[in-house]
Each structure stands twice: as structure tokens, then as C-alpha cells.
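Single-letter residue listing:
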Amino acid sequence: MKVLIVDDEKLIRDVIKEYCFENKYDVMEAENGVEALEKAGDADFIIMDIMMPKMDGFTAYKEIKKRYNTPTIMLSARSEEYDILAGFDLGIDDYMTKPFSPKELVARIKAVTKRKDNKEDVYEI
């Protein structure tokens, strides 16, 4: 599985990347929403920050959602209920706040992927 990590902070991308590698995921990186749009077509899963330069995560996700049905977890320092609900209203699969546990993030990636795979199985019957 190819995971696109979208965050303007290199340290956060590096931490997530390390845990993804440990779980045998391929990784792509983007520093902002514009780069995320360019790379989203090659991703099987997206981890998206909200507050980024050039294009924020909400705007980038809206554009990605128009073209692809890629499972996405928002990972943001924005922890207000309205931010979380705004993400779910857009159609994201999960939302985590920073600071975060990389192990929990990987567990959530697995859970979302499993749910998606199970839905596809149901439609194939």
C-alpha cells in the first residue's frame, strides 16, 4: 500500500514515514495541499494535515475527493469540535489531533483500510 503523508513539518512526516516503513507501506510525501493534489492519484491512503502553506488540508481534500475515493485521515493540531466535524462533513475517514501516537495512527490506517476492503467485498457479491 502506498501512503501519502501531507504535512508542512518535516519532522512529523519523518516520524510517520518511519512507522509506515515498519508496517511495509510505501511512502510518498507532500509539504502542502498543492503537492498533495499532484500526488494523490498514486496514493492508496492519505494522511493530511490541515494548516499548511499554499493550500490547506480541507481545500486539498475537497479537490482530491472530486477525483479519487482515497481513504484519508486528517491529522491536525486543530482540535476544536467544529474542525473535526468539518472534516467528517467533507467525507474523511478519521481524524486525529496532534500530538499523536504514531502507533495509534498506524492502527487507524489498518482499521480504515480493513473497513474499505470489507465494503468492496460486500459489493462484489
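Note that the coordinates shown come from a computational prediction; the quantities given were computed from them, not determined experimentally.

*Asks:* Looking at this structure, I do not really get the overall build of the chain. What am I missing?
*Replies:* What the chain contains, in helices and strands, is 5 helices and 5 strands. Scanning the chain from its N terminus toward the C terminus, one meets helices and strands in the order β-α-β-α-β-α-β-α-β-α. Relative to the compact-globule value of 14 Å for 125 residues, the chain shows a C-alpha radius of gyration of 14 Å, a close match. With respect to the three principal axes, the spread of C-alpha positions in the chain is 45 × 30 × 30 Å. Within the chain, residue pairs in contact and separated by at least 24 positions form 57% of the contacts whose partners lie at least 6 positions apart.

*Asks:* How should the pairing of strand E5 (residues 94–97) be read in this particular structure?
*Replies:* If a strand is regular, its side chains alternate between the two faces of the sheet. In terms of strand pairing, strand E4 (residues 72–76) meets E5 through 4 bridges, oriented parallel. Within E5, the position partnered with Leu75 by the bridge is Met96.

*Asks:* Even after reading the chapter, I still don't get the pattern of salt bridges, so can you show me in this structure?
*Replies:* Opposite charge on two side chains permits pairing when their charged atoms draw close. With the rule as written, the count across this model stands at 11 salt bridges. One salt bridge in this structure joins Lys17 and Asp14, with 3.7 Å as the shortest N-O distance. A residue pair is termed a helical-turn pair when its members lie 3 or 4 positions apart in one helix, as Lys17 and Asp14 do in helix H1 (residues 10–22) at 3 residues. As a salt-bridge pair, Arg108 and Glu104 come within 2.6 Å of each other at their nearest N and O atoms. Residue Arg108 and its partner Glu104 are both found in helix H5 (residues 102–124); the two are separated by 4 residues, about one turn of the helix. By sharing partners, the salt bridges in this structure join Lys10, Arg13, Asp14, Lys17, Glu29 and Glu31 into a single network.

*Asks:* Just checking my understanding: could you explain the confidence of the model for the chain for this structure?
*Replies:* Predicted coordinates in regions of low pLDDT should not be interpreted in detail. Per-residue confidence for the chain gives a mean pLDDT of 92; residues scoring 70 or more make up 94%. Low confidence marks residues 121–125, where pLDDT is under 50. Its contacts with residues over four positions away, or in another chain, come to 0 contacts.

*Asks:* How should the environment of Phe88 be read in this particular structure?
*Replies:* Mapped onto the elements of the fold, Phe88 is located in helix H4 (residues 81–90). For Phe88, a relative accessible area of 38% gives the class partly exposed. Between the alpha carbons of Phe88 and Ile109 there is a distance of 16 Å; along the sequence they are 21 residues apart. In this structure Phe88 touches Asp93, Asp94 and Tyr95, once residues within four positions along its chain are discounted.

Cut-off values and rules
Residues numbered from 1 in each chain as written. Predicted model: local features only at pLDDT ≥ 70, side-chain atom pairs only at ≥ 80, totals over all residues. Heavy atoms only, no water. Helix = DSSP H or I, 4+ residues; strand = E, 2+ residues; numbered from the N terminus. Rg over C-alpha atoms; globule rule 2.2 N^0.38 Å. Contact = heavy atoms within 4.5 Å. Pairing = 2+ DSSP bridges. Salt bridge = Lys/Arg side-chain N within 4 Å of Asp/Glu carboxyl O. pLDDT = per-residue confidence, 0-100. Buried < 20%, exposed > 50% of the residue type's maximum accessible area, 1.4 Å probe, protein only.

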